[in-house]
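In case you want the letters, here they are:
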Amino acid sequence: MRRRVAPYFLLGPGAAWLLLFFVIPLYYLGKLSLNSGVFGSYEFSWHWENYSDALKLYDTQFVRSFVYAGLATLFSLLLAYPLAYTIAFKAGRWRNVLLFAVVAPFFTTYLIRTLAWETILSDQSPVVSVLDAVGLAPEGHVLATAGAVIAGLTYNFLPFMVLPIYASLERLDVRLIEAGKDLYASASQTFFRVTLPLSAPGVVAGTLLTFIPASGDYVNAQFLGSANNQMIGNVIQSLYLKQSDYPAAAALSFVLMAAILILVLVYIRFAGSEALMGEEAV
Amino acid sequence: MGGAWRWLREHAVQIVAVLVVLYMLIPIAVIFGFSFNDPAGRYNFTWVGFTLEHWKNAFGIPELNEALVTSLKLAVLATVISTVIGTLMALALVRYDFFGRRAANFLIVIPMATPEVVMGSALLSFFLLIGSFSLGFQTLLIAHVMFCISFVVVVVRSRLIGFDRNLEEAAKDLGASSFETFRLVTLPLIMPGIFGAAMLAFALSIDDFVISNFNSGTTVTFPLYIFGAAQRGIPVEVNVIAMILFFFTCAAMGFATWQQRRAEKLTSVRPEQEAGAGVPAGAAAAT
């Protein structure tokens with residue numbers, strides 16, 4: 001009998017906290033999104049128009065958020081895989097130094113890191129002159145463009161891509177790669193047929209851990225973008241905190257959450273769930 | 001020429017890796033460099049000249065100090081609470097098979113799959129509609145514990161999964177009670193995992209901007225101070241404090257890695273030991 005109640009005692013405080021301050025707030029978010037009226041006298045009235053109005057007004061920002069987040073995820077993957085591969089197989093005694101370099105950005109504040117990019121990408125910076133010289137910075141200007149926002153997102157979420165890929169590569173049985181070579185597979189055949197498929201759980205986890213926070217982010221667009229690069233996070237933030245249009249903001253939040261949940265579920269269906277849920281929960 | 005080309009081709013992956021590492025480290029170098037800048041106006045964006053003035057004056061801005069103290073208090077409290085209740089959850093999930101286990105797993109994963117802006121606005125809606133919470137330190141603490149719990153569970157759980165239960169059996173055979181076994185065997189062995197989880201929670205809390213921005217009321221944390229100051233020009237002292245926090249975290253991370261190595265040595269009597277040897281705590285955390 002004692003053994004049967006023990007897990008519930010252990011689970012209790014944490015589960016209660018998450019139910020009370022994560023699940024129930026989502027219910028209130030949904031409720032608020034169906035309110036009508038003006039600020040100060042909102043009342044609940046199944047006002048579904050909030051959703052259609054909000055989506056009509058802010059569809060550009062919605063699409064833009066997913067495009068930016070998608071591109072940032074793609075670039076992160078392209079940058080992270082070689083790095084994770086090097087750390088796992090080629091780094092030798094440099095392994096810990098490289099792992100440290102990957103997590104080092106976390107040790108400085110997110111906002112300051114993003115502001116540092118504002119410095120790096122400002123019009124007077126040498127980086128921009130170089131980019132201009134190779135034709136990547138039209139009119140010598142990077143800041144306040146989509147490129148700057150995407151670069152910032154890529155930078156800020158890159159460690160979330162590197163670490164899971166590294167973890168799955170490190171766990172990989174090297175003998176399988178050797179077997180591929182023994183069977184006369186070329187280096188690229190071995191990579192695409194053995195290494196890459198075996199590291200798929202890391203890639204899945206990494207893309208989710210990058211895409212989800214990136215699509216809701218508004219710090220990068222705020223500091224590195226212009227009014228033309230606003231993402232849905234910027235809209236939600238400003239409706240809530242500046243314009244006090246709670247119902248519209250809540251509706252947008254709810255749609256963002258639902259959209260991401262659907263994307264994630266579809267993605268996991270194709271890619272397998274072990275990466276997200278942990279091995280024992282497959 | 002042929003030799004150099006071949007060398008480049010053979011080392012292409014490593015070369016890309018080095019470039020990516022540079023990409024990751026350049027902003028930190030910029031923050032460090034500009035902490036010695038002597039800007040002409042209010043904006044610390046262009047290099048003017050070298051000065052140690054702002055390092056000497058690191059704690060000379062009262063509002064900044066106040067924000068920093070608030071952040072530290074908040075992070076310590078959120079870390080302690082989330083680490084304790086998160087560790088208990090991890091124990092339940094790994095050690096017991098019970099009705100509702102899948103639901104509990106889901107409850108833990110879903111906050112990590114939710115964008116911060118949604119969590120922040122949902123909590124604000126809750127606080128506004130319930131009406132009995134005044135926005136400020138208490139709502140910040142509630143929010144920070146909430147988003148830290150899942151990460152604590154994931155880190156501690158990964159440590160518990162690689163745990164050799166024979167060691168506990170041995171303790172019991174030698175006459176230890178369940179509580180003694182837990183305190184003297186289990187806890188010391190999972191301590192590096194708990195410590196790593198606590199460090200992660202601390203880092204998440206002290207760095208959080210988005211959720212805090214929704215639920216802070218008039219309370220100002222370190223990131224909120226930076227956001228507010230960004231409009232009117234950020235004082236160089238912010239860079240100095242960011243670097244102090246950076247070096248402090250590096251030291252804590254070094255300590256955690258050393259602890260983990262030591263714990264691995266203690267349990268290395270087992271031949272099949274392999275639980276992520278040598279991975280720094282923070283890196284193991286994200287897996």
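Predicted, not measured: the structure shown is a model, and the values here were computed from it.

1. Here's the deal with the overall build of chain A
- Regarding its fold elements, chain A presents 13 helices and two strands.
- Each principal axis of the C-alpha atoms in chain A carries an extent, and together these give about 75 × 75 × 30 Å.
- When the 282 residues of chain A are sorted by exposure, 48% land in the buried category.

2. Some words on the overall build of chain B
- When you go through chain B residue by residue, the secondary structure sums to 13 helices and zero strands.
- Ordered by position from the N terminus, the helices and strands of chain B form the series α-α-α-α-α-α-α-α-α-α-α-α-α.
- Across its three principal axes, chain B shows a C-alpha extent of roughly 75 × 70 × 35 Å.
- A burial count over chain B gives 45% of its 287 residues as buried.

3. Side note on the interface of chain B and chain A
- Taken together, the 71 residues of chain B in the interface contact 78 residues of chain A.
- Counting residues per element, the side of chain B that touches chain A draws most heavily on helix 2 (residues 12-34) of chain B, which supplies 15 residues.
- Of the residues in the side of chain B that touches chain A, the class split is 57 nonpolar, 11 polar and three charged.

4. Focus: unusual backbone geometry
Residues and elements named next belong to chain A.
- Not every positive phi belongs to a glycine, and Ser 244 is a case in point at roughly 50°.
- Looking at where Ser 244 falls in the secondary structure, it is placed in the loop between helix 11 (232-241) and helix 12 (246-271).
- Looking at Ser 244, the number of C-beta atoms within 10 Å reads 12, which means it is exposed.

5. Thoughts on the packing of helix 4 (residues 62-95) of chain B against helix 9 (residues 178-207) of chain B
Residue and element names in this part refer to chain B.
- With their axes 8 Å apart at the nearest point, helix 4 and helix 9 run at an angle of 140° to one another. The angle between the axes of helix 4 and helix 9 places the two elements in the oblique class. Crossing handedness for the pair helix 4 and helix 9: right-handed. Note on element contacts: helix 9 touches helix 4 through Ile 194, Ala 197, Ala 198, Ala 201, Phe 202, Ser 205 and Ile 206, opposite Ser 71, Leu 74, Ala 75, Ala 78, Thr 79, Ser 82, Thr 83, Gly 86 and Thr 87.
- For the contact of helix 4 with helix 9, the per-class residue count stands at nine nonpolar, seven polar and no charged.

6. Considering the nonpolar core
- If you look at the biggest cluster of nonpolar residues, it comprises 163 residues, and the most contacted ones within it are Ala84(A), Val162(A), Leu252(A) and Ala201(B).
- The element contributing the most residues to this core is helix 6 (residues 146-170) of chain A, with 16 residues.
- Those residues in contact with Val162(A), other than ones at most four positions away along the chain, are Ala80(A), Leu83(A), Ala84(A) and Val102(A).

7. Some words on the confidence of the model for chain A
Residues and elements named next belong to chain A.
- Of all residues in chain A, 93% attain a pLDDT of 70 or more, and the chain-wide mean is 82.
- Across chain A, the secondary-structure element scoring lowest on mean pLDDT is helix 13 (residues 274-277), at 49, and the one scoring highest is helix 10 (residues 219-224), at 89.
- Note on residues 275-282: pLDDT is under 50 here. Beyond four places in sequence and across chains, it has 16 contacts.

8. Regarding the environment of Ser33(A)
Residue and element names in this part refer to chain A.
- Mapped onto the elements, Ser 33 comes out in the loop between helix 1 (2-32) and strand 1 (35-36).
- Ser 33 sits 18 residues away from Tyr 51 along the chain, and the two C-alpha atoms are 7.8 Å apart.
- In this structure Ser 33 touches Asn 50, Pro 247, Ala 250, Ala 251 and Phe 254, once residues within four positions along its chain are discounted.

9. Some points on the environment of Ile87(A)
All names here are of chain A.
- Among the structural elements, Ile 87 can be located in helix 2 (residues 49-90).
- The class of Ile 87 is buried, set by 26 C-beta atoms lying within 10 Å.
- Each C-alpha atom of the pair Ile 87 and Asp 53 lies 49 Å from the other, and the pair is 34 residues apart in sequence.
- Beyond its immediate chain neighbours, meaning those up to four positions away, Ile 87 contacts Arg 95, Leu 98, Leu 99 and Tyr 166.

10. Thoughts on the packing of helix 4 (residues 110-120) of chain A against helix 6 of chain A
Residues and elements named next belong to chain A.
- Contact geometry for helix 4 and helix 6: axes closest at 10 Å, N-to-C directions at 140°. Taken together, the axes of helix 4 and helix 6 are oblique relative to one another. The interaxial crossing formed by helix 4 with helix 6 has right-handed handedness. On helix 6, the residues that touch Tyr 110, Arg 113, Thr 114 and Trp 117 of helix 4 are Gly 152, Tyr 155 and Asn 156.
- The residue inventory of the contact of helix 4 with helix 6, partitioned by class, reads three nonpolar, three polar and one charged.

11. Here we look at the confidence of the model for chain B
Residue and element names in this part refer to chain B.
- Scored by pLDDT, chain B comes out at a mean of 83, with 92% of its residues at no less than 70.
- Low confidence marks residues 271-287, where pLDDT is under 50. Its contacts with residues over four positions away, or in another chain, come to 45 contacts.
- Here the predicted complex scores 0.85 on pTM and 0.84 on ipTM.

12. Describing the environment of Gly136(B)
All names here are of chain B.
- Position of Gly 136 among the secondary structure elements: in the loop between helix 6 (116-130) and helix 7 (137-161).
- Given 13 C-beta atoms within a 10 Å radius, Gly 136 is considered partly exposed.
- Taking the C-alpha atoms as reference points, Gly 136 and Ser 216, 80 residues apart in sequence, are found 4.8 Å from one another.
- When near neighbours in sequence (up to four residues on either side) are disregarded, Gly 136 contacts Gly 217, Thr 218 and Thr 219.

Calculation notes
Residues numbered from 1 in each chain as written. Chains lettered and ligands numbered in written order. Predicted model: local features only at pLDDT ≥ 70, side-chain atom pairs only at ≥ 80, totals over all residues. Helix = DSSP H or I, 4+ residues; strand = E, 2+ residues; numbered from the N terminus. Buried ≥ 20, exposed ≤ 12 C-beta atoms within 10 Å, placed from the backbone. Contact = placed C-beta atoms within 7 Å. Nonpolar A, V, L, I, M, F, W, Y, C, P; charged D, E, K, R; others polar. Axes fitted to C-alpha atoms, helices over the stretch in contact; angles between N-to-C directions. Parallel < 35°, antiparallel > 145°, perpendicular 65-115°, else oblique. Left-handed = near helix turned anticlockwise from the far one by under 90°. Core = buried A, V, L, I, M, F, W, Y, C linked by C-beta atoms within 7 Å. pLDDT = per-residue confidence, 0-100.

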